[in-house]
Amino acid sequence: MTPEEEVQRGLDAERLLREPLLVEAFEKLEKEYTRAWQTSPARDAEGREKLFQMQKCLSSVQLHLKTVMQNGQFVQKRTVAEKVREAGRRFLPG
């Protein structure tokens, strides 16, 4: 993947993480899973385990998007720094 593609993926991930409908969905599901877990009967260990797994999957999606976003930001900063160094070399006597 080119640096430009990584930066674009990072921007796309950031846009998704700020998308109101997606933010709402993450928050709603997190609350629903937590509420269902808290109100589950003590004998329903299997149900609580499924809720735990669902919550972990939700967190994994969020973490993946955050990681892609942060990677894109890192690549963008690195690319800018490389361009600044290259421009500086052109102007140094040598």
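The notes below deal with the structure included here. These figures come from a predicted structure and were not determined experimentally. (Residues numbered from 1 in each chain as written. Predicted model: local features only at pLDDT ≥ 70, side-chain atom pairs only at ≥ 80, totals over all residues. Heavy atoms only, no water.)

Re the overall build of the protein
Scanning the protein from terminus to terminus reveals three helices and zero strands. In the protein, the order of α-helices and β-strands from amino to carboxyl end is α-α-α. Its C-alpha radius of gyration of 21 Å places the protein more than 25% over the 12 Å reference for a compact globule of 94 residues. Each principal axis of the C-alpha distribution contributes one length, and for the protein these read about 75 × 25 × 20 Å. Each of the 94 residues in the protein was classed as buried or not, and the buried ones make up 18%. Pairs at least 24 apart in sequence give 70% of the contacts found in the protein among residues at least 6 apart. Looking at the protein as shown, the accessible area adds up to about 7600 Å², and 58% of this sits on carbon and sulfur atoms. (Helix = DSSP H or I, 4+ residues; strand = E, 2+ residues; numbered from the N terminus. Rg over C-alpha atoms; globule rule 2.2 N^0.38 Å. Buried < 20%, exposed > 50% of the residue type's maximum accessible area, 1.4 Å probe, protein only. Contact = heavy atoms within 4.5 Å. Areas by Shrake-Rupley, 256 points an atom, 1.4 Å probe, with all protein chains shown as cover.)

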